[in-house]
Structures are given as C-alpha cells and as structure tokens.
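# Structural description and commentary
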Amino acid sequence: AERDTALVMEEARAMLRAFDRELQASATEFFCGASEPTAADLTLYGMLERWLGNSLCPGLNGPAQPSVIDGMPGLSLAWKRMHERFQRDCTLSELDDFADIATSVGDVTWSRKG
C-alpha cells in the first residue's frame, strides 16, 4: 500500500497536539504535574529528540522534522528542557565508530531520588 506522507504527518501532529494540551494543563513542564520527568515524558523526549534534535539518519545530521511541534508551546518547552538535560546521555552523535563506548564520559546528568 502506498503511504501518504502528508496524512501521516497530520495524524502525528494531531497526537502531538493532544500531548501539548496535557502539558499545558500540567502544573509543571512534565506530565501529571510531576517534579521530575515521568516514563511518558522520557518516551516522548526520545521521539522528539529524533525529530527535533539529532535524527541519527545517515547523511542527515540534525533534525528530521524540525517543524513538527510548531505552535505547540507545551511540547516546545518540555522538549527544550529535557534536551538541555538529557541530550548528552541519549545521543550517539559524538561516537567515533563506537570506540568511545569503552571510555567513560563522566557522571550521568540525571538525578535519582531515594
């Protein structure tokens, strides 16, 4: 079956608009008013990092869909804050043939409660 790229993007944006409404209604920048990112926030961040940050696609070093959350202030803020906090831990952009995996990059940037 043929894919309709415009339809796929509009369906994705419709889902993202629902997430945006939830984030705007939250008392914090995370879902459900959480003080730290929830599993839902981190899952969303992983997806948005590929669309807005580093796509990790060969030949495309940068965002795959840079305008996918245009007009969505809740998502924009959440992605910006999580990108600043977690990008170093989640990206493979600084690896050199995966040899860097054997070398420590320092302490993790996320905190653990308890």
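Notes on the structure follow. The structure displayed is predicted, hence computed values, not measured ones.

Looking only at helices and strands, the protein features three helices and zero strands. Ordered by position from N to C terminus, the α and β elements of the protein give α-α-α. Relative to its full complement of 114 residues, the protein shows a buried share of 25%. For the protein, contacts bridging at least 24 residues in sequence account for 55% of all contacts bridging at least 6.

All right, on to unusual backbone geometry then. A positive phi angle, near 60 degrees, is found at Cys32, a position not held by glycine. Checked against the element boundaries, Cys32 lands in the loop between helix H1 (5-25) and helix H2 (39-52).

Turning next to H1. Taking 1.5 Å per residue as the helical rise, H1 with its 21 residues ought to reach 30 Å, and the 30 Å between its terminal C-alpha atoms agrees with that figure. Taken as a whole, H1 has its buried residues at Ala12, Leu16, Asp20 and Leu23. The buried residues of H1 occupy one face: seen down the axis, they fall within an arc of 90 degrees. Facing away from the buried side of H1 by over 90 degrees, the exposed positions are Met15, Arg21, Glu22 and Ala25. The opening residue of H1, the one whose side-chain oxygen lies 3.2 Å from the backbone nitrogen of Ala6, is Asp4.

Time to look at a nonpolar patch on the surface. Where nonpolar side chains cluster on the molecular surface, the patch consists of Met15, Phe19 and Met47 and spans about 270 Å² of accessible area. With respect to the element layout, Met47 can be found in helix H2.

Right, let's get into the packing of aromatic side chains. For the structure shown, the criterion picks out two aromatic pairs. When the centroid spacing of 6.1 Å and the interplanar angle of 75 degrees are considered together, the rings of Phe19 and Phe31 count as edge-to-face. One end of the pair, Phe19, is in helix H1; the other, Phe31, is in the loop between H1 and H2, and twelve residues separate them in sequence.

A separate point is the pattern of salt bridges. Counted according to the given criterion, the structure contains four salt bridges. Of the charged contacts in the structure, one is a salt bridge between Glu29 and Arg81, with a shortest N-O distance of 2.6 Å. On the criterion of sequence distance, the pair formed by Glu29 in the loop between H1 and H2 and Arg81 in helix H3 (residues 73-90) is long-range, its members being 52 residues apart. You can call Arg81 partly exposed: its relative accessible area is 36%.

Of all hydrophobic cores here, the largest spans 17 residues; its most connected members are Leu16, Leu44, Leu48, Ile69 and Leu75. Every element with two or more residues in this core is listed here: H1, H2 and H3. Top element by residues in this core is H3. It accounts for five residues. Ignoring anything within four residues of it in the chain, the contact list for Leu16 reads Leu44, Met47, Leu48, Trp51, Val68, Ile69, Met72 and Leu75.

Rules used in this analysis
Residues numbered from 1 in each chain as written. Predicted model: local features only at pLDDT ≥ 70, side-chain atom pairs only at ≥ 80, totals over all residues. Heavy atoms only, no water. Helix = DSSP H or I, 4+ residues; strand = E, 2+ residues; numbered from the N terminus. Buried < 20%, exposed > 50% of the residue type's maximum accessible area, 1.4 Å probe, protein only. Contact = heavy atoms within 4.5 Å. Expected span 1.5 Å × (residues − 1). Arc of directions from axis to C-beta. Polar contact = N/O pair within 3.5 Å; in protein donor to acceptor, adjacent residues only side chain to side chain. Patch = residues over 30% accessible without salt bridge, like charges linked within 9 Å, V, L, I, M, F, W, Y side chains within 5 Å. Areas by Shrake-Rupley, 256 points an atom, 1.4 Å probe, with all protein chains shown as cover. Salt bridge = Lys/Arg side-chain N within 4 Å of Asp/Glu carboxyl O. Phe/Tyr/Trp six-rings, centres within 6.5 Å; stacked < 30°, edge-to-face > 60°. Core = buried A, V, L, I, M, F, W, Y, C linked by side-chain atoms within 4.5 Å.

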